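# Structural characterization, general
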Amino acid sequence: MHQIYTFLFWKKLYSIEKLTPDLLITLGLREKNGKYTNAGALFAGENDYRGIDLVKFGDNINVMLDRAQIEKVSVLKLCQDALQKYRQYYQNEVIDGAYRRKNE
């Protein structure tokens, strides 16, 4: 599933139809010997990078209300999951009469 995010990102950015080995080399994501570059590994659906740790704190840093550790996935998936957590806690909707307004 994570590879789909990566493909859709490159398809939208460069209007490409298929990620071929030659295209990955041109983009600097793969070396000629077939190994992925560090950038290529970061965009891969699964990788060995540590990732990020997201925490929602309470009244102080000793009180953790929620924690999510996201690791070994594409940086695109990391961003998507981080934004989802942000929206969960820091975005709300206010109804004012007949109108609904999003607040961040």
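Notes on the structure follow. Model, not experiment: these values are computed from the prediction.

Let us now look at the side chain of Asn47. Turning to its location among the elements, Asn47 is positioned in the loop between helix H3 (38–43) and strand S1 (52–57). A polar contact of 3.0 Å, which involves the side chain of Asn47, links it to the backbone oxygen of Ala41. Here Tyr49 takes part through its backbone nitrogen, which lies 3.0 Å from a polar atom of the side chain of Asn47. Residues in contact with Asn47, not counting those within four places in the same chain, are Ala41, Leu42, Lys72, Val73 and Ser74.

Across all of its chains, the model carries 1 aromatic pair by this definition. The cationic tip of Arg30 hangs over the ring face of Tyr36; the distance from NZ or CZ to the ring centre is 5.4 Å.

All told, the structure shown has 4 salt bridges when counted by the stated rule. Of the charged contacts, one joins Lys77 and Asp81 as a salt bridge, the two residues approaching to 2.9 Å between their closest N and O atoms. One end of the pair, Lys77, and the other, Asp81, are both in helix H4 (residues 75–90), 4 residues apart, so they sit about a helical turn from each other. Asp81 matches Lys77 in its accessibility class, with the two residues each being buried.

Basis of the calculations
- Residue numbering note: each chain is counted from 1, following its sequence as written.
- Predicted model: local features are reported for residues with pLDDT of at least 70 only, side-chain atom pairs are reported and counted for 80 or more only, and whole-chain, interface and lining totals are derived from all residues.
- Excluding hydrogens and water, the side-chain figures rest on all heavy atoms present in the structure.
- The helix count covers DSSP runs of H or I at least four residues long, the strand count covers runs of E at least two residues long, and both are numbered beginning at the N terminus.
- Residues adjacent in sequence count toward polar contacts only when both atoms are side-chain atoms; beyond that, a polar contact is any pair of N or O atoms within 3.5 Å, and within protein one must be able to donate a hydrogen and the other to accept it.
- Working rule for contacts: check all heavy atoms of both residues, and any pair within 4.5 Å makes them a contact.
- Put simply, two rings from Phe, Tyr or Trp (the six-membered ring, in Trp's case) pair if the centres are within 6.5 Å, and we call them stacked under 30 degrees between planes, edge-to-face over 60, tilted for the rest.
- When the NZ atom of lysine or the CZ atom of arginine is within 6 Å of a ring's centre and also within 35 degrees of its normal, the charge is said to sit over that ring.
- Salt-bridge detection follows one rule: a side-chain nitrogen of Lys or Arg within 4 Å of a carboxyl oxygen of Asp or Glu.
- Three exposure classes are used, based on accessible area relative to the maximum for each residue type with a 1.4 Å probe and protein chains only: buried under 20%, partly exposed in between, and exposed over 50%.

None of the figures reported here should be taken as evidence of function without further support.
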